[in-house]
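Single-letter residue listing:
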Amino acid sequence: MSGRRLFSVPARRASVAPFLWMLLFFLLPFGFVLKISLSHTAIAQPPYLPVFDPTQGMAAIKTAVAALSLENFRLLASDHIYILSYLRSVVVALTSTAILLAVGYPIAYGMSRLPARWQPLAMILVIVPFWTSFLIRVYAWINILQHDGILNKVLLALHLVSAPVVWLSTDTAMFIGIVYSYLPFMILPLYATLAKMDSALLEAAADLGSSRLATFWLVTFPLSLPGIAAGALLCFIPIVGEFVIPDLLAGSDSPMIGQTLWLEFFTNRDWPVASAIAVVLLVLLLAPLLVYERMQRRQLEGRR
Amino acid sequence: MAKPALARLSPFNVTSLALGLAFLYLPIVVLVIYSFNASRLVTVWGGWSLRWYFEFFNDAAMLSAAAMSLRVGAVSATAATILGTFAAVALTRADNFRGRTLFSGMLYAPLVMPEVITGLSLLLLFVAVDAERGFWTVTIAHTTLTMCFVAVVVQSRLGSLDRSLEEAAMDLGCDPLRAFVKVTLPLILPSIAAGWMLAFTLSLDDLVIASFTTGPGSTTLPIRIYSEVRLGVKPEVNAICTLIIGLLAVVIIAASLASKLSSRQGESAAPL
């Protein structure tokens, strides 16, 4: 009898507690989001109708289902504010992901070329800023980018500009903040695939007369595609729903969808519309999430 | 053995690494330096001073928010570590069980899910069951998010572990549970500790999910800092941020020492 099978039963039992927890606190809540997105907005506590009353049994379910409405989704489709928010989020996320790739790839590549004993140190150095609070890192950039901040002081001292440049509350500031915050999410998967690469392939390419640039383009880059895809998705999906960075660093004229959701929820107290925004966002993000999941599984199978 | 020419560091590699690390660290260094600035204006240097640290320690609202965050962090990180470790064991050691795809899907999704969605959905759950919002709702929310990170960290260690050690223990008469407790658990302890720290720092850091799930009187530190920052840069915030960075540095150094110690123990135990 193999030890593997012996272990399987208690290991399966270990899944019960986390499984139930995630069902209860991760999956089930989406049911409530969906339900409330189909409810009517109301001036009440909580601010939506109808309120589901489980003590009424089947009758409650029937009334609740009968009262479901699509008005919130109709509103999302008809109002430019929402459509523009979704568009801006996707454009910002795509642009950020492209910049992250351009910035992160050389760093990950450099890490993977370090002597083996230095690589763990380099990895820790990349991870540590990720552990020092997200909010602090965004806030640190306010210090630097504000009107009389360090950046303007340096630029003025070097005579690169003649007057202080407006950095804060611009898209530039927002992109800097996003790239800074998500850089480790891009570097780590890239580094993982680049470090795993068989250096014999590079030697073979060199032996066959390939220049360094050609070797990179024909061997290294194609082999790092899984890392590129993983890093891109790991960054793209959360950036689409980003709230803190655009709120603190970008101008206020065109919000991203995460900000719009926040506004509807906290300022307008329109919970049904906020829920509908979340449902549409979720559906929008499901496609890249599923692609990512499938790719991961394929990678896992390849490793076995 | 000579390294293959292509594996050597080129000036390009060195430059991109150096620039990358500078980009990652300079903003934090600037923030730490300015936290010791005596001037009220954040950008005017008025000499070294601890003024803003005293200011923080006299700010009752900030202090209670910090205490709240530490309590939520400690409780949720502990719960997340237990649940996340169980999840990691199930993912690496159980053969295909029913619902495995759903299980791993639920564990990976929160890692990338936008926080506004996670926060909103949890709040709507709490409202639907009429739970009083405060310490416990934030703690449950943070446990849900951070256990997924713990699961990933512990899972990567479990996956790289030599299975024959467990099998040897079972061949020698251990039942699976004892083999796990006596052999596997000590070997993965450093990654469990790392998982706890990650969960703790993520909880300490979270603004969005806490904003949705907290109630009146249960403000966490990020919520408090955020409301200050929106009104403009305050030097006191620099001091608080520096204190948080310092705290995390201590935790990270302690953890790396602990893992070094445990790996040295492992080496000295190996010949036996």
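Analysis parameters
Residues numbered from 1 in each chain as written. Chains lettered and ligands numbered in written order. Predicted model: local features only at pLDDT ≥ 70, side-chain atom pairs only at ≥ 80, totals over all residues. Heavy atoms only, no water. UniProt positions renumbered as here; feature names shortened; annotations may be inferred. Contact = heavy atoms within 4.5 Å. Buried area = accessible area lost by both parts, 1.4 Å probe. Salt bridge = Lys/Arg side-chain N within 4 Å of Asp/Glu carboxyl O. Helix = DSSP H or I, 4+ residues; strand = E, 2+ residues; numbered from the N terminus. Nonpolar A, V, L, I, M, F, W, Y, C, P; charged D, E, K, R; others polar. Axes fitted to C-alpha atoms, helices over the stretch in contact; angles between N-to-C directions. Core = buried A, V, L, I, M, F, W, Y, C linked by side-chain atoms within 4.5 Å. Buried < 20%, exposed > 50% of the residue type's maximum accessible area, 1.4 Å probe, protein only.

The name that an unreviewed UniProt entry assigns to chain B is Binding-protein-dependent transport systems inner membrane component, with the source organism given as Nitrobacter hamburgensis. Looking at the Subcellular location (unreviewed entry) heading of the UniProt record, one finds this comment for chain B: "Cell membrane".

Within an unreviewed UniProt entry, the label attached to chain A reads Binding-protein-dependent transport systems inner membrane component, and the organism entered is Nitrobacter hamburgensis. Checking UniProt for chain A, the heading Subcellular location (unreviewed entry) contains the comment "Cell membrane".

Caption draft 1: Here's a closer look at the interface of chain B and chain A. Contacts between the two partners involve 91 residues from chain B and, on the opposite side, 93 residues from chain A. Interface area, chain B with chain A, both sides summed: about 8,500 Å², of which 80% is carbon and sulfur. Connecting chain B to chain A are one salt bridge. One salt bridge connects A:Asp247 with B:Arg230, and the closest N-O pair in it is separated by 3.6 Å. Top contributing element to the side of chain B that touches chain A by residue count: helix H1 (residues 11-34) of chain B, with 14 residues. Class assignment of the residues belonging to the side of chain B that touches chain A gives a composition of 68 nonpolar, 13 polar and ten charged.

Caption draft 2: How the structure looks around the UniProt feature "domain: ABC transmembrane type-1" (unreviewed entry) in chain A. This chain's UniProt record puts "domain: ABC transmembrane type-1" (unreviewed entry) on residues 86-292 of chain A. Secondary structure content for residues 86-292 of chain A is 78% helix and 0% strand, while the C-alpha to C-alpha distance between its ends is 21 Å.

Caption draft 3: Highlighting the packing of helix H3 (residues 60-93) of chain B against helix H10 (residues 221-230) of chain B. Where H3(B) contacts H10(B), the two axes come as close as 7 Å, and the packing angle between them is 145 degrees. Here B:Ala61, B:Met62, B:Ala65, B:Ala66 and B:Ser69 of H3(B) come into contact with H10(B), specifically with B:Leu221, B:Pro222, B:Arg224, B:Ile225 and B:Glu228.

Caption draft 4: Expanded view of the nonpolar core. In terms of nonpolar packing, the biggest core is built from 161 residues, with B:Leu107, B:Phe212 and B:Ile225 touching the most fellow members. The residues touching B:Ile225, leaving out its near neighbours within four places in the chain, are A:Leu135, B:Met62, B:Val237, B:Ile240 and B:Ile244.

Caption draft 5: Region of interest: the side chain of B:Ser191. Assignment of secondary structure puts B:Ser191 in helix H8 (residues 176-205). Aside from chain neighbours lying at most four places away, what touches B:Ser191 is B:Val153, B:Val154 and B:Arg157.

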